[in-house]
Amino acid sequence: MTQKPVRTPPATDAAKAFEELRREISLQRTAIEGLTAAKEKLPDYLPTLRDIASRLGEMEKQIESINAKPAMRLTPQTITVEIHEAIMSYRADDAKSIGEARDTLARMLGRVEGMIKQRRSTDEQDLWVTWAATGGLLFGALLALVGVAAWS
């Protein structure tokens, strides 16, 4: 045999339902009061956020002033071109300086060689004069001997 479910009277069901509803509303009220209390305990971040916004504004101004500098417009390609031009300019200056130094050195060597040749020339003249004087003396002595022998 099957038993029929026992039904509770409707008044008890209604009372249970109202009791459950009362508990739910009580829980919701407690939750809302807890949220309100928690919200009141939260610190006020508005001054901090205003300070952060102010600092960000200052940083933006500084970044804009940095971006306005001519160096910020340089790219690796423009820097490479400027370095190449500077190197070529310095190489031209170096080549000019080396050429001038070479010319100066050549002139100085020419002067030194001229002094050496002049010194040789003077020494050679002294040598020739000495030989000529010695030869003239010997020739004069020979003539004197020949003349004395001829007169005697």
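Residues numbered from 1 in each chain as written. Predicted model: local features only at pLDDT ≥ 70, side-chain atom pairs only at ≥ 80, totals over all residues. Heavy atoms only, no water.

Focus on the overall build of the chain
Helix and strand content of the chain: 3 helices and 0 strands. In sequence order, the chain lays out its α and β elements as α-α-α. Relative to the globule expectation of 15 Å for 152 residues, the C-alpha radius of gyration of the chain, 61 Å, shows a markedly less compact shape. Viewed in the frame of its principal axes, the chain has a C-alpha envelope of about 200 × 50 × 30 Å. (Helix = DSSP H or I, 4+ residues; strand = E, 2+ residues; numbered from the N terminus. Rg over C-alpha atoms; globule rule 2.2 N^0.38 Å.)

Re the pattern of salt bridges
This structure, assessed with the given rule, holds 3 salt bridges. As a salt-bridge pair, Glu19 and Arg22 come within 2.5 Å of each other at their nearest N and O atoms. Of this pair, Glu19 and Arg22 are both found in helix 1 (residues 10–41), 3 residues apart, which corresponds to roughly one turn of the helix. Note on Glu19: relative accessible area 31%, which makes it partly exposed. The residue Asp51 makes a salt bridge to Arg55 at a minimum N-O spacing of 3.4 Å. Of this pair, Asp51 and Arg55 are both found in helix 2 (residues 46–67), 4 residues apart, which corresponds to roughly one turn of the helix. Connected via shared salt-bridge partners are Glu19, Arg22 and Arg23. (Salt bridge = Lys/Arg side-chain N within 4 Å of Asp/Glu carboxyl O. Buried < 20%, exposed > 50% of the residue type's maximum accessible area, 1.4 Å probe, protein only.)

Some details on the confidence of the model for the chain
Per-residue pLDDT for the chain averages 85, and the proportion of residues at 70 or more is 92%. When mean pLDDT is compared element by element in the chain, helix 2 scores highest at 92, while helix 1 scores lowest at 82. (pLDDT = per-residue confidence, 0-100.)

Some details on a nonpolar patch on the surface
A cluster of nonpolar side chains, namely Tyr45, Leu49, Ile52, Leu56, Met59 and Ile63, defines an oily patch on the protein surface of about 610 Å² accessible area. Examined against the element boundaries, Ile52 turns out to sit in helix 2. Here Ile52 falls in the partly exposed class, since its relative accessible area comes to 42%. (Patch = residues over 30% accessible without salt bridge, like charges linked within 9 Å, V, L, I, M, F, W, Y side chains within 5 Å. Areas by Shrake-Rupley, 256 points an atom, 1.4 Å probe, with all protein chains shown as cover.)

Overview of the environment of Leu74
Structurally, Leu74 can be placed in the loop between helix 2 and helix 3 (76–151). Overall, Leu74 belongs to the partly exposed group, its relative accessible area being 35%. In contact with Leu74, other than residues within four places in its own chain, are Ile79 and Glu82. (Contact = heavy atoms within 4.5 Å.)

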